Amino acid sequence: MSHYSHAPSTSHDRSHHGQGLERVPFENHNRSLKILLLHGHLDIWVREAKNLPNLDLFHQTLANIFSKLPRNMSDRVTSDPYVTVSVSGAIVARTFVIRNSEDPIWMQNFHVPVAHYAAEVHFVVKDDDLVGSQIIGFVSIPVEELYSGKRVEGMFPVVNEKRNHWESGAALSLVIQYTPIARMQQYQLGVGSGPEYHGVPRTYFPLRGGCKVTLYQDGHVEDGILPSLRLDNGGHYLHGKCWHDIFIAISHARHLIYITGWSVYHLVRLVRDSHSVNNTTLGDLLKYKAQEGLRVLLLVWDDPTSRSILDFTTEGVVHTNDEVTRQFFKDSSVHVILCPRYSEKGHSLIRRQEAEAIYTHHQKTVIVDADAGHHNRKIVAFVGGLDLCKGRYDTPRHPIFRTLETLHKDDYHNPNFTGPTHGCAREAWHDLHCKIDGPAAYDILTNFEERWLRVAQPHGLHKLMISHDDYLLKIDRIPSFVKFSDSSHNDGEAWHVQVFRSIDSNSVEGFPNDPKDAINRNLLCGKNVFIDMSIQAAYIHAIRSAQHFIYIENQYFLGSSYNWNSHRDLGEQLMCANNLIPMEIALKIANKIRANERFAVYVVIPMWPEGDPKSIPMQRILFWQYKTMQMMYEIIYQALVEVGLQKKYEPQDYLNFFCLGTREVLDEHSTEPNTSSSAYDSPQARSRKSRRFMIYVHSKGMVVDDEYLILGSANINQRSMDGTRDTEIAMGAYQPQYTWARRQSSPYGQIYGYRMSLWAEHLGSIDDCFRHPESLECVRRVRSRGEHNWSQYAASEITEMRNHLLKYPLEVDRTGKVKPLHGCETFPDFDGKIMGSFVGIQENLTI
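Student: Is there a simple way to think about the overall build of the chain in this case?
Tutor: Secondary structure assignment for the chain yields 17 helices and 32 strands. When burial is assessed residue by residue, the chain has 62% of its 847 residues classed as buried. Of the contacts formed within the chain by residues at least 6 apart in sequence, a portion of 75% connects residues at least 24 apart. Surface summary for the chain: the accessible area is close to 32600 Å², and the carbon and sulfur share equals 51%.

Student: I keep staring at the state of the cysteines and nothing clicks. Help me out?
Tutor: Chemically, a disulfide is nothing more than a covalent bond linking the sulfur atoms of two cysteines. Applying the stated rule across the entire model yields zero disulfides. The thiol sulfur of cysteine 769 is not disulfide-bonded, and the nearest other cysteine sulfur, from cysteine 778, lies at 4.5 Å. By relative accessible area, which is 8% here, cysteine 769 ends up buried. Its relative accessible area of 0% is what places cysteine 778 among the buried residues.

Student: Could you clarify how one ought to interpret the side chain of arginine 377 in this entry?
Tutor: Along the chain, the position of arginine 377 falls in strand E17 (residues 376–384). Its relative accessible area of 11% is what places arginine 377 among the buried residues. Excluding residues that lie within four positions of it along the chain, arginine 377 makes contacts with His252, Ala253, Arg254, His255, Asp369, Ala370, Asp371, Ala372, Ser480, Phe481 and Val482.

Student: Explain the packing of helix H10 (residues 534–545) against helix H11 (residues 581–594) here, please?
Tutor: The angle between the axes and the distance between the axes are what describe a pair of packed helices. Closest axis-to-axis distance for the H10/H11 pair is 9 Å, and the angle between their directions is 5°. With respect to each other, H10 and H11 are oriented roughly parallel. Across the interface between the two elements, Tyr539, Ile540, Ile543, Arg544 and Ser545 of H10 pack against Ile581, Glu584, Ile585 and Lys588 of H11.

Student: What should I look at first to understand the sheet that holds strand E2 (residues 36–50) in this one?
Tutor: Picture the strands of a sheet paired through backbone hydrogen bonds; they go either parallel or antiparallel. Ordered by their spatial adjacency, four strands build an open sheet running E5-E2-E9-E8, and the pairing between neighbours is antiparallel. Strands with a single pairing partner mark the edges of an open sheet, and in this sheet they are strand E5 (105–118) and strand E8 (152–157). Across this sheet, the average inter-strand angle for adjacent strands is 25°, counted without regard to direction.

Student: Would you explain the environment of isoleucine 635 in this entry?
Tutor: Relative to the helices and strands, isoleucine 635 resides in helix H12 (residues 616–642). Taking the C-alpha atoms as reference points, isoleucine 635 and alanine 586, separated by 49 residues in sequence, lie 6.3 Å from one another. Among residues more than four places away in sequence, those in contact with isoleucine 635 are Asn563, Met583, Ala586, Leu587 and Ala590.

Student: Explain unusual backbone geometry here, please?
Tutor: Apart from glycine, the bulk of residues carry a negative phi angle, and the bulk of peptide bonds sit in the trans form. Backbone geometry places aspartate 218, a non-glycine residue, at a positive phi of 65°. Position of aspartate 218 among the secondary structure elements: in the loop between strand E10 (208–217) and helix H4 (242–252). The buried category is assigned to aspartate 218, whose relative accessible area is 1%.

Student: Got a minute to help me understand the nonpolar core in this structure?
Tutor: Within soluble globular proteins, side chains that are nonpolar tend to cluster in buried spots. Counting residues in hydrophobic clusters, the biggest one holds 241 residues, and the most contacted among them are Phe123 and Leu172. What phenylalanine 123 contacts, discounting residues up to four positions off in sequence, is Ile44, Val46, Val83, Thr84, Val85, Gly137, Phe138, Val139, Ile141, Leu172, Leu174 and Ile176.

Student: Just checking my understanding: could you explain the pairing of strand E26 (residues 692–697) for this structure?
Tutor: It is a general feature of regular strands that their side chains alternate between the two faces of the sheet. E26 sits mainly inside the fold: six of its six residues count as buried. Bridging between strand E25 (residues 655–663) and E26 involves three bridges; their strand directions are antiparallel. Residue pairing across strands places arginine 663 opposite arginine 692, the latter belonging to E26.

Student: How do you make sense of the confidence of the model for the chain when you look at a structure like this?
Tutor: As a general rule, the predicted coordinates of low-pLDDT regions are not to be interpreted in detail. Put simply, the chain has an average pLDDT of 88, and 85% of its residues get 70 or more. Per-residue pLDDT stays below 50 along residues 1–17; that stretch engages in 64 contacts with residues further than four places along the chain or on separate chains.

Student: Mind showing me how you'd approach helix H6 (residues 322–329) here?
Tutor: Since there are 3.6 residues in each turn of an α-helix, residues three or four apart along the chain are aligned in direction. Of all the positions in H6, only Asp322, Glu323, Thr325 and Phe329 are classed as buried. Here the buried residues of H6 occupy an arc of 160° about the axis, which is enough to place them on one side. At the C-terminal side of H6, aspartate 331 shows a positive phi close to 70°.

Student: Is there a simple way to think about the packing of aromatic side chains in this case?
Tutor: Geometry of an aromatic ring pair is reported as the spacing of the ring centres plus the angle between the planes. Applying the stated criterion across every chain yields a total of 31 aromatic pairs. An angle of 70° between the planes, with centres 5.7 Å apart, marks the rings of tyrosine 551 and tryptophan 759 as edge-to-face. On the criterion of sequence distance, the pair formed by tyrosine 551 in strand E23 (residues 549–554) and tryptophan 759 in helix H16 (residues 750–763) is long-range, its members being 208 residues apart. Ring centres of phenylalanine 623 and tyrosine 626 lie 6.2 Å apart, and the angle between their planes is 55°; this geometry places the pair in the tilted category. With a gap of three residues between them, phenylalanine 623 and tyrosine 626 both fall in helix H12, about one helical turn apart. Each of the two residues, phenylalanine 623 as well as tyrosine 626, counts as buried. Put simply, the rings of Phe417, Trp608, Phe693, Phe827 and Phe830 pair up and form one aromatic cluster.

Student: Explanation requested: the side chain of serine 507 in the structure shown.
Tutor: Within the secondary structure layout, serine 507 lies in the loop between strand E20 (495–504) and helix H9 (515–520). Given a relative accessible area of 3%, serine 507 falls into the buried group. Apart from residues no more than four positions distant in its own chain, serine 507 is found in contact with Arg341, His361, Glu450, Arg451, Arg454 and Thr727.

Student: How should the pattern of salt bridges be read in this particular structure?
Tutor: Where side chains of opposite charge bring their charged atoms close, a pairing between them can arise. All told, the structure shown has 41 salt bridges when counted by the stated rule. Here aspartate 387 and lysine 364 are joined by a salt bridge, their closest N and O atoms 2.7 Å apart. Of the two residues, aspartate 387 is situated in the loop between E17 and strand E18 (428–430) and lysine 364 in the loop between helix H7 (349–358) and strand E16 (365–373); the sequence distance between them amounts to 23 residues. With relative accessibility at 2%, the residue lysine 364 sits in the buried group. Aspartate 437 serves as the salt-bridge partner of lysine 378, at 2.7 Å between the closest nitrogen and oxygen. Pair noted here: lysine 378 is in strand E17 and aspartate 437 is in strand E19 (residues 432–437), with a separation of 59 residues, a long-range link. With respect to class, lysine 378 is no different from aspartate 437; both count as buried. Shared partners join several salt bridges into a network, and the residues in it are Glu650, Asp653, Arg780, Arg783, Glu787 and Arg814.

What counts as what
- Residues numbered from 1 in each chain as written.
- Predicted model: local features only at pLDDT ≥ 70, side-chain atom pairs only at ≥ 80, totals over all residues.
- Heavy atoms only, no water.
- Helix = DSSP H or I, 4+ residues; strand = E, 2+ residues; numbered from the N terminus.
- Buried < 20%, exposed > 50% of the residue type's maximum accessible area, 1.4 Å probe, protein only.
- Contact = heavy atoms within 4.5 Å.
- Areas by Shrake-Rupley, 256 points an atom, 1.4 Å probe, with all protein chains shown as cover.
- Disulfide = S-S within 2.5 Å.
- Axes fitted to C-alpha atoms, helices over the stretch in contact; angles between N-to-C directions.
- Parallel < 35°, antiparallel > 145°, perpendicular 65-115°, else oblique.
- Pairing = 2+ DSSP bridges.
- Core = buried A, V, L, I, M, F, W, Y, C linked by side-chain atoms within 4.5 Å.
- pLDDT = per-residue confidence, 0-100.
- Arc of directions from axis to C-beta.
- Phe/Tyr/Trp six-rings, centres within 6.5 Å; stacked < 30°, edge-to-face > 60°.
- Salt bridge = Lys/Arg side-chain N within 4 Å of Asp/Glu carboxyl O.

This is the structure in structure tokens:
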């Protein structure tokens, strides 16, 4: 047995949660190990370690030298061990830290979804450090040993980077077992497949029955603008009016109005098609309701780049107007807390500064009390992608020039231009939102209360400030509030709804302090940070359960970086985007190809991320997006080759990406603006001349098989799915009477109506084949429409666009190779490369 004579390896632990990047400082010397696909679940027990070496002697020496260090720091005399579990370089699980122990006992169980190609599963034992961590050693389990499904169990020696044993006899006790997805019956029958379906397992909030859900597209839908859609029950899909309904809900509240937002702007007008309330702003409405005696509370992200000093405010980089809104409500009965993205427990100083400077509170919710009949009240909650701020009000027409002096006067928003924007197109805005009425609305309320209590009690230097922790109403003490049960009513139109989050214990009050209690609440462990990652769990569960098609609208689409074909060549420049969603989608398609079953995926994303598309951050996001697309198409093509169908079908017969855009011709409502000749070739001038602009896709939703819907604030990127970066909230919902298992055919309930309404908005009409999105006819019809619309958008001739769905401007050949469209390597009117470019920048900003 060799003594580990080297200085232990240093790990900065690029992520302190369950989905970081593991730079293991050793090589796989056993070249005979096979790289195999793990697609399913790993059931892991990390029990205990024995005889770990003491890596804290160096720190004890420092403590003796700097005797003024805090007592608890100078008392640290041995290692503070924890274990990370990684597959293909991606951290998939992590134990909590045990302080000052060479024989730590964890007894932690992990149920880990995997979709990774790997030769080994690595258990890396680390010593928590003041700066980051030090690697003590590792245990490697070959994937070949797991593939049969047998349970691998034992006390394994912990070895160093040269695979030598520690002289102390360090060892790790663990259990690991792999279950492939083909053996998991819960994914074989669809989502909500019967009365025994209990929702996404191991989540913080349970599935709630007996709910009512109203679905919204865009801020407002004018009467008659979208076609009437007939549903299975003989009724018709009703197009909701989101901001109008929020206005009515706030107006009719009698006890409370609670709002969370990335941005909340007091000057927005929620209703713009009624003369009676046209000039009523959100701020005036909230002040009025507070004066009536209602409890009006706002939780708004505190943008660290904006400032307010002696009533003088400076606008932040991302223009959230947080300080302006706080100043407006100052000295009123509306209570506003600007919430920094706290990062305290279990983080190094560098990680704290990074989190507070880069990450945000991204949830968008409005919670009010509403009439429950018989003089009773109930909680109703709005949740989704729409913030109550500038630039969000739009309709399915998505005007870009015609409403600059009417509907969008004093509400111009287009941060894609740098410099003057007079006479330029507004940025049209497409979004998804919903209203929840029923038991799940109380889970949205719980989220607000947990977040409010976390920031309401001043900490540290802020203790001299006023406390807001007693402002929350205790509705259980108000007799008029009804108590909902989770049982479903005898209503054939009822919904089952489950609330999901991406959030950690630094942002909420009420998570357990004891790691074992946290595990019982279905929270994941970071380094003494507890994490709710249920949004990603919901996406994975829904994708795995999908049987026919998936339709996604999202502001971002990137992930599964552990499987990018050249991600290792990027080295330390790569900040992991290890969420499983793109990989799960690609593997779902591949499995359907092998089973000779039709399956289709439609993804609608923005033409480019909001901002100057040629700027470094935007180019980097576009590069990550391209890498994600390329990885997915390669997997699909390989599956076609395996079954000999590569000549009959191509990857785009299964997976297609789209964006939205529009053009307006000059008419009697339009005027040709006076422009400066000095900017004749700027993006502004080119866009004014071409009369076109993208419709910004800000949606965060997914429809599966017309029977299940996920909708919320979370993007498909690491920031939103991680749990320790941006805070997010979402809901997953279905109608039990409108599932494939119940109907034994395509269900035509509200979710079907919602998807068809969105397609009617984007495509201008409804074709019969749209009722079966998985069909090859539908895929090719929609793709053909998108290609035609892109040609119209990119053409030099200006024509009015009635259809907005555009092929995403990248070419995918029959072998799955992604490349620029011929003659179109940059976005029209802008200079940014469509495939992006890899350039150095703080990667956490973009991934």
